[in-house]
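Okay, here's what each chain looks like letter by letter:
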Amino acid sequence: MSEAVLKESDDLMAHPAVRQIVTQLRALDSYGTYDTWPDFKVLDPMILTKERRREIPVVGDPDETTISRLKAYYNAIAAGIEREVELMAVPLVNLSHEGFGKALITVGRLVVVNRTLRDVHRFGFDSLEKLVEDLEKQIAQAVALVDAHRAVAEL
């Protein structure tokens, strides 16, 4: 991958959603690779500029690090939902070996996030701003669903 896009001085590195993704990425790092890395370096592969996207083949199978980044993203959404509604949110990511599948987050019996996944080997965001914007949007929509159907979420 090309040189780092993120810098330690980026203002959004202190955003709670970004902090949560970094926490989730470090939690899923079973070999301790990220132990000595600064946060911006851990998060940097999730930012796919146009140049980085050109380096990734159009068709391909996702590797384990890409899958862990995807899982960290949905875990961060679930943690954000839990923080807002004070109920447990459970993420589920089901993928085929080709990178197609589904991502669900449930709160009680209520499905609050339901996304179809395609081309997971190309998972990433154009910028840190887009990442934060998408996270906040997903969390807000899920919280609105829980507020509208609280009884189902508490089952």
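As a reminder, the structure under discussion sits directly above these lines.
Just so it is clear, the model here is predicted, and its values are computed rather than measured.

Undergrad: With reference to specific residues and values, describe the pattern of salt bridges.
TA: Counting across every chain of the model gives four salt bridges. For R26, the salt bridge goes to D39, with nearest N and O atoms at 2.7 Å. Remark: D39 occurs in helix α2 (residues 39–43) and R26 occurs in helix α1 (residues 16–27); sequence separation between them is 13 residues. Notably, a salt bridge pairs R115 with D134, separated by 3.4 Å at the nearest N-O pair. Of the two residues, R115 sits in strand β3 (residues 110–117) while D134 sits in helix α5 (residues 128–148), which places them 19 residues apart along the sequence. When its relative accessible area of 26% is taken as the criterion, R115 is described as partly exposed. On the basis of relative accessibility, which here comes to 12%, the residue D134 falls in the buried class. Among the charged side chains, a network of salt bridges with common partners joins R19, R26 and D39.

Undergrad: Please give an account of the packing of helix α4 (residues 64–85) against α5 that cites residues and values.
TA: Each pair of packed helices can be described by the angle between their axes along with the distance between the axes. One can describe the packing of α4 onto α5 by two numbers: an axis separation of 9 Å at closest approach and a directional angle of 45°. The orientation of α4 with respect to α5, classified from their angle, is oblique. The handedness of the crossing between α4 and α5 comes out as right-handed. Residue-level contacts link Y73, A76, I77, G80, I81, E84 and V85 of α4 to L131, D134, L135, Q138, I139, A142, V143 and V146 of α5. Partitioned by chemical class, the residues of the contact of α4 with α5 number 11 nonpolar, two polar and two charged.

Undergrad: Which residues make up the pairing of strand β2 (residues 101–107), and what values go with them?
TA: Pairing of strand β1 (residues 89–95) with β2 involves seven bridges; the strand directions are antiparallel. From the neighbouring strand, L95 faces β2, where its bridge partner is G101. Remark: five residues form the turn of the hairpin made by β1 and β2, two consecutive strands paired antiparallel; G99 in that turn has positive phi of roughly 95°. Pairing analysis gives seven bridges linking β2 to β3, with the strands arranged antiparallel. Within the sheet, the bridge partner assigned to T106 lies in β3 and is V111. Taken together, β2 and the strand that follows it, β3, pair antiparallel across an intervening segment of two residues, in which G108 is found at a positive phi of about 65°.

Undergrad: Can you explain α4? Please cite residues and give values.
TA: The end-to-end C-alpha separation of α4 is 31 Å, in line with the 32 Å expected for 22 residues at 1.5 Å each. In the segment just after α4, E86 is the residue with positive phi, at about 60°.

Undergrad: Residues and numbers for unusual backbone geometry, please.
TA: Positive phi values are uncommon outside glycine, yet E86 reaches one of about 60°. Topologically, E86 is positioned in the loop between α4 and β1. Residue classification places E86 among the exposed residues on the basis of a relative accessible area of 70%. Unusually for a residue other than glycine, D119 sits at a positive phi of about 50°. Summarising the element assignment, D119 is placed in the loop between β3 and α5.

Undergrad: I'd like a description of the nonpolar core, backed by residues and values.
TA: In this structure, L43, Y73, Y74 and I81 are the most contacted members of the largest nonpolar core, which totals 44 residues. Looking at this core, the element that brings in the most residues is α4, giving nine residues. If near-sequence neighbours (up to four positions away) are discounted, Y74 is found in contact with P91, V93, A103, I105, V113, R115 and L117.

Conventions adopted
- Residues numbered from 1 in each chain as written.
- Predicted model: local features only at pLDDT ≥ 70, side-chain atom pairs only at ≥ 80, totals over all residues.
- Heavy atoms only, no water.
- Salt bridge = Lys/Arg side-chain N within 4 Å of Asp/Glu carboxyl O.
- Helix = DSSP H or I, 4+ residues; strand = E, 2+ residues; numbered from the N terminus.
- Buried < 20%, exposed > 50% of the residue type's maximum accessible area, 1.4 Å probe, protein only.
- Axes fitted to C-alpha atoms, helices over the stretch in contact; angles between N-to-C directions.
- Parallel < 35°, antiparallel > 145°, perpendicular 65-115°, else oblique.
- Left-handed = near helix turned anticlockwise from the far one by under 90°.
- Contact = heavy atoms within 4.5 Å.
- Nonpolar A, V, L, I, M, F, W, Y, C, P; charged D, E, K, R; others polar.
- Pairing = 2+ DSSP bridges.
- Expected span 1.5 Å × (residues − 1).
- Core = buried A, V, L, I, M, F, W, Y, C linked by side-chain atoms within 4.5 Å.

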